[in-house]
Amino acid sequence: MSSPAPMSSAAPEPFTFFHSARRVIYAWDALDRLGELAREAGARRPAVVLDGFFRGGALVERVTKLLASATGGAPVLHFVPTHEPDTASIEACRDALAPHAPDLIPDLIVAIGGGSAMDTAKVARLGVRIYEVPISYSGRTYAEGKKIGWQDGVSALRCIVKYNFFSWLRKQ
């Protein structure tokens with residue numbers, strides 16, 4: 001085995017971490033508080049990223065009204081496709097949220113829906129270009145060091161029975 005490279009005595013490069021979600025609100029009445037939260041943030045140019053199945057529904061109308069009354073303008077709406085987010089859908093969201101005029105860039109981004117809308121909004125907010133790098137994978141063979149065998153499957157089944165079935169019997 002090779003030894004690790006020696007540590008450099010030079011100072012590390014400056015590093016900035018941009019946390020993707022500055023505030024997450026999760027509550028039954030969270031939507032009712034949207035206008036209040038927008039006013040609290042001083043938002044004037046809101047944007048909303050929603051899962052695609054909300055398109056044309058009452059929720060979109062309600063969110064638009066809440067934000068328009070709180071900020072003085074209708075929000076930019078972006079609907080994420082119902083499939084898992086891919087590079088194209090994230091870049092489409094980024095482009096919708098980052099117009100060429102700096103005074104039009106949203107100062108409040110609200111994501112409503114499941115993981116696809118949340119993840120798309122967080123990545124699009126960064127405004128970076130995404131590059132996909134394809135990979136391929138093939139598992140190791142036993143000759144290459146594969147360490148799992150059929151005995152491990154038997155052991156896993158034994159644990160499932162022991163810790164699920166018998167613990168259920170003890171509760172009875």
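Please refer to the structure higher up on the page.
We now turn to the structure provided with this report.

Cut-offs applied
- Residues numbered from 1 in each chain as written.
- Predicted model: local features only at pLDDT ≥ 70, side-chain atom pairs only at ≥ 80, totals over all residues.
- Heavy atoms only, no water.
- Helix = DSSP H or I, 4+ residues; strand = E, 2+ residues; numbered from the N terminus.
- Contact = heavy atoms within 4.5 Å.
- Areas by Shrake-Rupley, 256 points an atom, 1.4 Å probe, with all protein chains shown as cover.
- Pairing = 2+ DSSP bridges.
- Axes fitted to C-alpha atoms, helices over the stretch in contact; angles between N-to-C directions.
- Salt bridge = Lys/Arg side-chain N within 4 Å of Asp/Glu carboxyl O.
- Buried < 20%, exposed > 50% of the residue type's maximum accessible area, 1.4 Å probe, protein only.

Here we look at the overall build of the protein chain
Then, number 1: For the protein chain, the count of helices and strands is five helices and three strands.
Then, number 2: Pairs at least 24 apart in sequence give 74% of the contacts found in the protein chain among residues at least 6 apart.
Then, number 3: Per element, the accessible surface of the protein chain, about 13,200 Å² overall, is 60% carbon and sulfur.

Let's talk about the sheet that holds strand E1 (residues 46-51)
Then, number 1: Read from one edge to the other, the open sheet built from three strands follows the order E2-E1-E3, with strand pairing classed as parallel. Here the strands that pair on one side only, and so sit at the sheet edges, are strand E2 (76-80) and strand E3 (108-112). Adjacent strand axes in the sheet meet at a mean angle of 20 degrees when their direction is disregarded.
Then, number 2: Contacts from helix H3 (residues 87-97) reach E1, E2 and E3 within the one sheet, and its direction differs from that of E2 by about 180 degrees.

Regarding the pattern of salt bridges
Then, number 1: For the structure shown, the criterion picks out five salt bridges.
Then, number 2: We note a salt bridge from Asp107 to Arg45, for which the minimum N-O separation is 4.0 Å. Here Asp107, found in the loop between H3 and E3, pairs with Arg45, found in the loop between helix H1 (34-41) and E1; they are 62 residues apart in sequence, far enough to count as distant.
Then, number 3: Classification of Asp107 by relative accessible area gives partly exposed; the value is 35%.

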